[in-house]
Each structure stands twice: as C-alpha cells, then as structure tokens.
Amino acid sequence: MDRTLFELTPETRWLGQRLDVFAEVDSTNLVAEKLGHQGAPDGTVVMADSQTAGRGRLGRSFYSPGGRSLYLSVLLRPEMALEHVHRHVFAAAVAVAECARAVLPAKSDVEIKWPNDVLIDRRKTSGINLPVHVEHDRVAFAVLGVGVNVNLAREEIPDELREIATSLSIAAGKPLDRVEFGEHLLAALEREIDTLRAGDFTSVLDRFRKSFRMTGSRVRIGGPGVAREVIGTVLGVDDDGALLLRPSSGEPTSVERVLAGDVTILKERSH
C-alpha cells in the first residue's frame with residue numbers, strides 16, 4: 001500500500017511504454033494534448049497524483065483531489081475513420097467496469113451509464129472523455145481521459161456530489177491499492193483497445209451491454225452540442241453504440257438514435 005504512482009509498472013506491450021507521471025498538473029488531458037502536438041507516440045500515458053483544472057466530458061470541471069484517485073490520459077493515434085474513434089470510450093468503460101468488479105464484493109452493482117460513466121450502486125465512480133484532434137480531414141490524435149475515484153472517503157466528497165458520487169473504497173469498505181488498480185486498469189485498457197483495433201467492436205459492445213442497466217429507464221437527453229432536448233424511454237444500444245430511445249412525444253412505435261448528449265435518468269427503469 002506504500003507504493004506511489006511513480007513506481008507504477010504496467011504489464012503492457014504498447015500502452016504506457018512512455019509513461020509520464022506527475023505529482024500535480026492542471027489536467028492530464030491538457031498535458032497529453034500538448035504531447036500529441038509534439039509528436040509523442042501512440043499509447044503515451046500521462047498520469048497525475050492530483051489535478052488543479054481537471055476536465056470532464058464536454059469541458060466541465062472534474063473534482064480531482066490528490067493522493068486518492070487515478071487521473072490518466074492516453075494519447076492515441078488510431079488508424080480508423082473519424083466516426084469510429086468514439087468507440088474507444090466504450091472500450092475504456094468496459095475496462096474500468098471489469099477492474100472495479102475485480103476489487104469489489106459480489107453484491108456491488110457495477111454498471112455503465114451510457115456512454116461514459118461507470119457507476120457503483122447507482123453512484124458515479126468513474127468518468128471518461130475523448131477529445132479528438134483532426135487535421136486535413138483525418139484523425140491526428142485523440143486523448144482518452146479516465147478518472148476513477150479509488151480511495152476517496154465519503155466525507156471527502158463535496159456535499160453537492162455526495163448523493164451521486166462514490167469511490168471504490170467506499171463500496172469495498174476498505175482502502176485499496178491505488179497503484180495496483182492502475183496497473184490492472186492499463187492492462188485492461190490495452191486488451192480492449194487491441195480488440196477494437198482488430199476490428200472487433202462487436203465483442204467490446206457485448207461486454208458493454210452486460211454492464212448496461214438503462215433499458216426501460218425514462219431519460220432526458222440534452223446538454224451542450226445537442227440541437228434539441230429529447231425525453232423518452234431507453235430501448236437499448238445499437239450495433240454502433242448509439243442509444244435507442246422511444247420518444248415520449250411522437251408515434252408510439254418511433255425510435256430515435258442518440259449519438260451524443262448528457263443523459264439524466266428521470267425515473268426508475270421498468271421491469
């Protein structure tokens with residue numbers, strides 16, 4: 001339990017072969033983006049003990065205290081079409097969920113809230129984002145940002161987040177080895193990204209669906225970048241990872257594909 005992030009040694013082939021660890025940064029994503037512009041290789045990992053300006057999805061601030069959680073960003077140079085790069089978010093969510101289950105009691109309910117949050121017993125413990133940099137109509141690089149609340153105590157979570165956020169240690173009922181969890185997470189990330197890059201998004205999505213509990217929930221989709229708010233009942237996730245909704249307004253048989261947006265669950269899922 002005494003190892004620091006500077007001693008982290010992932011058993012990976014290419015992911016994290018360049019591993020830059022910092023005591024504190026403004027944002028691991030910002031550091032990784034800078035490295036991307038400087039030509040750093042595919043699989044470069046930036047990790048920090050704390051962040052002063054952590055960024056969540058859609059540019060929001062991300063609560064990032066020191067010494068408790070994992071904040072990492074992976075620089076990716078994927079050889080795939082721009083419209084498929086978002087699949088890395090699904091790969092990362094599967095990896096986080098798998099590693100969370102490995103350290104938690106069997107009774108803990110680990111689920112993925114589409115598209116990018118991992119929840120334990122309905123409370124968020126991990127968030128994922130993926131800013132993509134395009135040059136001359138092709139993907140120059142992407143940055144896969146992953147934050148996981150590992151050893152946050154309940155009293156350390158800000159009051160306004162306490163009902164919606166948790167940590168692995170809260171769910172486990174004991175402190176966890178943050179460095180060991182980080183090593184396992186990087187190995188799981190590499191496996192899932194390898195599968196994705198081999199052209200097998202189907203199996204990644206199958207694992208994603210096994211952790212998906214939103215079917216039957218009534219939800220609202222909105223937020224920055226969404227042209228119009230949609231309210232409806234979740235039907236599932238299609239083969240490209242889009243969320244399928246039955247809109248509350250419109251024909252009773254209509255189905256809407258949602259590619260992006262913030263999801264707010266309005267009531268308990270039906271059974």
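A quick note: this is a predicted structure, and the numbers were derived from the prediction, not measured.

A. Structural context of the environment of His37. Along the chain, His37 falls in helix 1 (residues 28–37). Along the sequence, His37 and Arg87 sit 50 residues apart, while their C-alpha atoms lie 22 Å from each other. Aside from chain neighbours lying at most four places away, what touches His37 is His133 and Phe141.

B. Geometry of the confidence of the model for the protein. Scored by pLDDT, the protein comes out at a mean of 91, with 92% of its residues at no less than 70. Every residue in residues 56–62 is under pLDDT 50, and counting partners more than four places away or in other chains gives 22 contacts.

C. Focus on the packing of helix 2 (residues 87–103) against helix 5 (residues 201–210). For the pair helix 2 and helix 5, the least separation of the axes is 9 Å and the interaxial angle reads 50 degrees. Between helix 2 and helix 5, the crossing angle belongs to the class labelled oblique. In this structure, helix 2 meets helix 5 at a crossing whose hand is left-handed. Within the contact between the two elements, helix 2 uses Arg87, Phe90, Ala91, Ala93, Val94 and Arg101 and helix 5 uses Phe201, Val204, Leu205, Arg207, Phe208 and Lys210. The class makeup of the residues in the contact of helix 2 with helix 5 is 8 nonpolar, no polar and 4 charged.

Reading the values: rules and limits
- Residue positions within a chain follow its written sequence, with the count starting from 1.
- At least 70 in pLDDT is required for a residue's local features to be given in this predicted model, at least 80 for side-chain atom pairs to be given and counted, and no such filter applies to totals for whole chains, interfaces and linings, which use all residues.
- As a convention, hydrogens and water are excluded, and side-chain values are obtained from all of the structure's heavy atoms.
- The way it works is that DSSP assigns letters per residue, a run of H or I at least four long becomes a helix, a run of E at least two long becomes a strand, and they are numbered from the N terminus.
- Contacts are assigned to residue pairs with any non-hydrogen atoms lying within 4.5 Å of each other.
- Each residue carries a pLDDT score, the predictor's own confidence in it, on a scale running from 0 to 100.
- With axes taken as lines fitted to C-alpha atoms, and helix axes fitted only over the stretch in contact, angles between N-to-C directions fall between 0 and 180 degrees.
- Note that the term roughly parallel is reserved for angles under 35 degrees, roughly antiparallel for angles over 145, roughly perpendicular for angles of 65 to 115, and oblique for everything else.
- In this scheme the handedness of a crossing depends on how the near helix is turned from the far one: anticlockwise by less than a right angle means left-handed, clockwise means right-handed.
- Under this grouping Gly is polar, as are all residues other than the nonpolar Ala, Val, Leu, Ile, Met, Phe, Trp, Tyr, Cys and Pro and the charged Asp, Glu, Lys and Arg.

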